[in-house]
Amino acid sequence: PPVATLPLQIPLPPDQVDALRAAAAASGSFPALPAVILSATATLGYALRPVYGYMLAAAAVYFAALMIGSGLYWPQDVAAGIIMGVAGCSLGLLTLHPLRESWRRLAIQFQIKPALLYPAGFVFLLEMANGFPALTWIINGVLDRVLPGV
């Protein structure tokens, strides 16, 4: 079970914290999305400048301890989230290198016409707010073709 006895400060009333703990315990195991985001950000920061990566990694470790210590996430969920964030960002960075010239041309278009990014940003935020249903649909479709019957 999560380590819920650590003396961490949470800016929520105790009755809300207890309700969140109960909901987390009832929902079962799943990768912690905040851990995915924080670890991917730290990985990208490291790729840009190692000192950024170290600072962001320290923040990610702090928030991971806070998530576990508050009892909102299981330790294995946070660990799975960290692995997913680092692996996903690393894979993205490896894929980016061969496509660098194409990305450069696209970036130039966005510099010339920055308004092109507004709809893309809106769609991304909408998709993120709804739990990435379209991305999940695409991944499930690919997995069904690659691993049928699994």
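Here the structure is shown first, and the text comes after it.
Residues numbered from 1 in each chain as written. Predicted model: local features only at pLDDT ≥ 70, side-chain atom pairs only at ≥ 80, totals over all residues. Heavy atoms only, no water.

J.: So what's going on with the overall build of the protein? Which residues, and what values?
T.: Counting its secondary structure elements, the protein contains seven helices and zero strands. Each helix (α) and strand (β) of the protein, taken in turn from the N terminus, gives the series α-α-α-α-α-α-α. Each of the 150 residues in the protein was classed as buried or not, and the buried ones make up 18%. A sequence separation of at least 24 residues applies to 70% of the contacts in the protein between residues at least 6 apart. For the protein, the exposed surface amounts to about 10,900 Å²; the carbon and sulfur share of it is 74%. (Helix = DSSP H or I, 4+ residues; strand = E, 2+ residues; numbered from the N terminus. Buried < 20%, exposed > 50% of the residue type's maximum accessible area, 1.4 Å probe, protein only. Contact = heavy atoms within 4.5 Å. Areas by Shrake-Rupley, 256 points an atom, 1.4 Å probe, with all protein chains shown as cover.)

J.: Let's hear about a nonpolar patch on the surface: which residues, and what values?
T.: On the surface, Leu-135, Trp-137, Ile-138, Ile-139, Val-142, Leu-143, Val-146 and Leu-147 cluster together into a nonpolar patch covering about 800 Å² of accessible area. Tracing the sequence through the fold places Leu-147 in the segment after helix H7 (133-146). (Patch = residues over 30% accessible without salt bridge, like charges linked within 9 Å, V, L, I, M, F, W, Y side chains within 5 Å. Salt bridge = Lys/Arg side-chain N within 4 Å of Asp/Glu carboxyl O.)

J.: Tell me about the packing of helix H2 (residues 33-48) against helix H4 (residues 75-96), residues and numbers included.
T.: At a closest axis distance of 7 Å, the pairing of H2 and H4 adopts a crossing angle of 40°. One finds that H2 runs oblique with respect to H4. The interaxial crossing formed by H2 with H4 has right-handed handedness. Residues Ala-35, Val-36, Ser-39, Ala-40, Thr-43, Leu-44 and Ala-47 of H2 pack against Val-78, Gly-81, Ile-82, Met-84, Gly-85, Val-86, Cys-89, Ser-90 and Leu-93 of H4. Of the residues belonging to the contact of H2 with H4, the class tally is eleven nonpolar, five polar and no charged. (Axes fitted to C-alpha atoms, helices over the stretch in contact; angles between N-to-C directions. Parallel < 35°, antiparallel > 145°, perpendicular 65-115°, else oblique. Left-handed = near helix turned anticlockwise from the far one by under 90°. Nonpolar A, V, L, I, M, F, W, Y, C, P; charged D, E, K, R; others polar.)

J.: Can you explain the packing of aromatic side chains? Please cite residues and give values.
T.: Tallying each qualifying case throughout the model produces two aromatic pairs. On the basis of an interplanar angle of 65° and a centroid distance of 5.7 Å, the ring pair of Tyr-46 and Tyr-54 is categorised as edge-to-face. Accessibility expressed as a relative area gives 44% for Tyr-46, which makes it partly exposed. On the basis of relative accessible area, Tyr-54 is assigned to the exposed category, the value being 55%. Judged by centre distance (5.2 Å) and plane angle (75°), the ring pair of Tyr-62 and Phe-63 falls under edge-to-face. Looking at Phe-63, the relative accessible area reads 38%, which means it is partly exposed. (Phe/Tyr/Trp six-rings, centres within 6.5 Å; stacked < 30°, edge-to-face > 60°.)

J.: Quick one: what's the story with the layout of surface pockets, residue by residue and with numbers?
T.: When its volume is computed, the largest pocket comes out at roughly 740 Å³. Taken together, 19 residues line the largest pocket, and the ones lying closest to its centre are Leu-33, Val-36, Met-84, Phe-132 and Leu-135. Elements with a contribution of two residues or more to the lining of the largest pocket: H2, H4, helix H6 (117-129) and H7. Split by residue class, the lining of the largest pocket holds 13 nonpolar, five polar and one charged. (1 Å grid on protein atoms, 1.4 Å probe; cavity = no way out; pocket = protein on both sides within 12 Å on 5 of 7 lines; lining within 4 Å. Points joined across faces, edges and corners; volume = space filled by probe spheres on them.)

J.: Report on H6, specifying residues and quantitative values.
T.: An ideal rise of 1.5 Å per residue puts 18 Å on 13 residues; H6 measures up with 18 Å between its terminal C-alpha atoms. In the stretch just after H6, Gly-131 is the one whose phi turns positive, near 85°. (Expected span 1.5 Å × (residues − 1).)

J.: An account of the nonpolar core is needed here, citing residue identities and associated values.
T.: Ranked by size, the top nonpolar core spans seven residues in total: Ala-32, Ala-35, Ala-64, Met-67, Ile-68, Tyr-73 and Val-78. The biggest single contributor to this core is helix H3 (residues 50-69), with three residues. Ignoring sequence-local partners within four residues, the contact set of Ala-35 consists of Met-67, Val-78, Gly-81 and Ile-82. (Core = buried A, V, L, I, M, F, W, Y, C linked by side-chain atoms within 4.5 Å.)

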